[in-house]
Amino acid sequence: MSAIGQPERATQNRVIALFRNELHYRYLGDWTDREGNSNVEEKILTAHLTKCDYTAAQISSAIYKLRTEADNHSRGLYGNNQAVYNLLRYGVPVKIEAGKVTETVHLIDWKEPDKNDFAIAEEVTLHDGNHERRPDLVLYVNGIAIGVLELKNSRVTIGEGIRQNLSNQQPEFNEWFFTTVQFIFAGNDSEGLQYGAIRTEEKYFLKWKEDEQDNSRFKLDKYLLKMCAKDRLIELMHDFVLFDSGVKKLPRVHQYFGIKAAQKHARERKGGIIWHTQGSGKSIVMVLLAKWILENNPHSRVAIITDRDELDKQIERVFTEAGEAIKRTSSGRELMSQLGQAKPRLLCSLVHKFGKRDVDDFDAFIKELEAQPSQTVGEVFVFVDECHRTQSG
């Protein structure tokens, strides 16, 4: 076992016990001297997929495609990580024989988290040429490395753990290992836990905050229990990962709980307001929420209404860069015309493009509109940006 400082060793032992006894992850062992450590542990992944009743040929093809995307030398870490994420998220299309239909091998069971194989290994030695690095803890789901955790003793700042993670992601060290990784964690007993995605700069690492009044244990332990609970970890990976113009993003805690509350309202067909301060990430909230609505309700449409042309353009750009096709309408009439058709499902427009000029009796005008409703196709969910200006919020 590696000779790390006793206080840090004590923290690491306690965290491993937390994962084993409270989160119920399998303990894979100390991998300091183990040869061939990988971000895709094929033996573990094969065993999981076999339990899922995939054939040997399907499993072999899926693992080959996963490795091909993870190790594509024509792309950088961001491109490879995004390609791997798409395979994790949507499954791997495989075709065993010519003339046979293409089938999908799902590497992760998103619907039933407990059916996945959650495991943790410590001191995972990684080699790349003459360089050797050793992350403290690596989280695996079905043999695929999805999280890396660097622990420091209470006398060393979390920043050192973050910088160590960033250094490990450099091409000259172990960039290859992070092509499957979804979460980068750093923590100690005095400061707690911070998290980010691949290549997240130190200043953008985030802190999770939940049940702040509970001081019964170390914050590091408390927030690992929150974020790495099996159902929460699977949910974060499935619904809260965003690739945005070369930057991979994870939600801040207020974005996560805001979206969760909005999801509940959407299911119940209720309206509501999410208050945002400037710079709090409302665009990310709108993208993630719209994606969730469109994916979970096949009859849904989403219309995003803003009150300034620059906001309208920003919404269009953010959605487009996040890979979501959005139609920016030029007038209220065009928006209503588009909503009368089955597609597109995602639209944006400006609020002041609606209505008549010089309306004296606004209440009468509203009643006139209500008496002549426009025909729409599907269930329309409307997001109103800056709603305190236009919706009496």
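It should be noted that the structure appears before, not after, this text.
First, a word on scope: everything that follows refers to the structure included in this document. (Residues numbered from 1 in each chain as written. Predicted model: local features only at pLDDT ≥ 70, side-chain atom pairs only at ≥ 80, totals over all residues. Heavy atoms only, no water.)

## With respect to the environment of V302
Operational definition: Where helices and strands are cited, they refer to DSSP runs of H or I of at least four residues and of E of at least two residues respectively, numbered from the N terminus. Only heavy atoms enter the contact rule, under which two residues are in contact if any of them lie within 4.5 Å.
On the secondary structure map, V302 appears in strand 14 (residues 300-306). With 24 residues separating them in the primary sequence, V302 and I326 have C-alpha atoms 9.6 Å apart. If sequence neighbours within four positions are ignored, V302 has contacts with A290, I293, L294, R345, L346, L347, F381 and F383.

## What to know about the packing of aromatic side chains
As a reminder, the rule being used: Pairing of aromatic rings covers Phe, Tyr and the six-membered ring of Trp, with a centre-to-centre limit of 6.5 Å; geometry is then stacked below 30 degrees between planes, edge-to-face above 60, and tilted otherwise. Either the NZ atom of lysine or the CZ atom of arginine qualifies as a charge over a ring when it sits within 6 Å of the ring centre and within 35 degrees of the ring normal.
If you walk through the whole model with that rule in mind, you get 13 aromatic pairs. Members of the aromatic cluster, joined through ring pairs, are Y195, W208, F240, Y256 and F257. Over the face of the ring belonging to W31 we find R34, whose NZ or CZ atom lies 3.8 Å from the ring centre. Lying over the aromatic face of F173, R133 brings its terminal NZ or CZ to 3.7 Å of the ring centre.

## Description of the packing of helix 3 (residues 56-70) against helix 4 (residues 77-90)
Going by this rule: A fitted line through C-alpha atoms represents every axis, and for helices the fit uses only the stretch in contact; the resulting angles, taken between N-to-C directions, go from 0 to 180 degrees. Angular relationships are summarised with four words: roughly parallel below 35 degrees, roughly antiparallel beyond 145, roughly perpendicular across 65 to 115, and oblique for the angles in between.
Running from amino to carboxyl end, helix 3 crosses helix 4 at an angle of 155°, the nearest separation of the two axes being 8 Å. With respect to each other, helix 3 and helix 4 are oriented roughly antiparallel. Between helix 3, through K65, L66, E69 and A70, and helix 4, the contact on the second element is made entirely by N80, A83, V84 and L87.

## Considering the nonpolar core
One broad trend across soluble globular proteins is that nonpolar side chains are buried collectively. Note the cut-off: Nonpolar cores were defined as sets of buried Ala, Val, Leu, Ile, Met, Phe, Trp, Tyr and Cys residues, with membership established by side-chain atoms within 4.5 Å. Classification of residues uses two cut-offs on accessible area relative to the type maximum, computed with a 1.4 Å probe and protein chains only: under 20% is buried, over 50% is exposed, and between them is partly exposed.
Counting residues in each nonpolar core, the largest one holds 82 residues, and the members touching the most others are F19 and I304. Among the elements that take part in this core, helix 9 (residues 282-296) stands out by supplying ten residues, more than any other. Sequence-distant contacts of I304, that is, excluding residues within four places in its chain, are made with M286, I315, F319, I326, L346, L347, C348, S349 and F383. Listed in part, the 21 residues of the second largest apolar core include A119, A145, I158 and I184.

## Digging into the sheet that holds strand 9 (residues 183-188)
Short version of the rule: Two strands are said to pair when DSSP picks up at least two bridges between them.
Reading across from one edge, 1-4-7-8-9-10-11 is the order of the seven strands in this open sheet, with mixed pairing throughout. Both outer strands of the open sheet, strand 1 (26-30) and strand 11 (206-207), are each paired with one neighbouring strand and no more. Sheet analysis places strand 7 (residues 137-141) next to strand 8 (residues 144-151), joined by five bridges and oriented antiparallel. Bridge pairing in strand 8 links L139 to G147.

## Considering the sheet that holds strand 15 (residues 327-328)
If you walk across this open sheet you meet the four strands as 15-16-14-17, and the pairing is parallel. The open sheet is flanked by strand 15 and strand 17 (379-384), the only strands paired with a single partner. Two elements, strand 14 and strand 17, share six bridges in a ladder whose sense is parallel. The partner of A303 across the bridge, within strand 17, is V382. Each of strand 14, strand 16 (346-350) and strand 17 touches helix 9; the most contacted strand, strand 14, lies at about 160° to it. This element, helix 11 (residues 332-339), spans strand 14, strand 15, strand 16 and strand 17 of the sheet and lies at about 160° to strand 16.

## Some details on the packing of helix 7 (residues 230-239) against helix 8 (residues 253-267)
Put simply, the test is: Think of it as three bins: nonpolar holds Ala, Val, Leu, Ile, Met, Phe, Trp, Tyr, Cys and Pro, charged holds Asp, Glu, Lys and Arg, and polar takes everything else, Gly as well.
Interhelical geometry of helix 7 versus helix 8 gives an angle of 90° and a closest axis separation of 13 Å. Of the possible angle classes, the one that applies to helix 7 and helix 8 is roughly perpendicular. Contacts between helix 7 and helix 8 pair R232, E235 and L236 from the former with Y256, F257 and K260 from the latter. Here the residues of the contact of helix 7 with helix 8 are counted per class, giving three nonpolar, no polar and three charged.

## Digging into the side chain of R89
Basically, it comes down to this: For the purposes of these results, a polar contact is taken to be a pair of N or O atoms within 3.5 Å, where, inside protein, one atom must be able to donate a hydrogen and its partner to accept one; residues adjacent in sequence count only when each atom of the pair is a side-chain atom.
Mapped onto the secondary structure, R89 falls in helix 4. One polar contact links R89 to E295, side chain to side chain, over a distance of 2.6 Å. If near-sequence neighbours (up to four positions away) are discounted, R89 is found in contact with W110, H238, D239 and E295.

## A closer look at the pattern of salt bridges
Here is the rule we go by: Salt bridge criterion: a side-chain nitrogen from Lys or Arg within 4 Å of a carboxyl oxygen from Asp or Glu.
Tallying each qualifying case throughout the model produces 21 salt bridges. A salt bridge links R89 to E295, with the shortest nitrogen-to-oxygen separation between them at 2.6 Å. With R89 in helix 4 and E295 in helix 9, this residue pair connects regions lying 206 residues apart in the sequence. When its relative accessible area of 41% is taken as the criterion, E295 is described as partly exposed. For R163, the salt bridge identified is with E202, shortest N-O distance 2.9 Å. With R163 in helix 5 (residues 158-168) and E202 in the loop between strand 10 (192-196) and strand 11, the pair connects residues that are 39 residues apart, well separated along the chain. Relative accessible area serves as the criterion here: at 31%, E202 is assigned to the partly exposed category. Here the salt bridges do not stand alone but share partners, grouping R14, D189 and D221 into one network.

## Looking at the pairing of strand 16
Here strand 16 lies mainly inside the structure; five of its five residues are buried. Alternating positions in strand 16 separate into two faces, L346, C348 and L350 on one and L347 and S349 on the other, with burial throughout. Strand direction decides the pairing type here: strand 14 and strand 16, joined by five bridges, are parallel. Across the sheet, V302 pairs through a bridge with L346, a residue of strand 16. When strand 15 meets strand 16, the two strands line up parallel, connected through two bridges. By the bridge assignment, K327 is partnered in strand 16 with L347.

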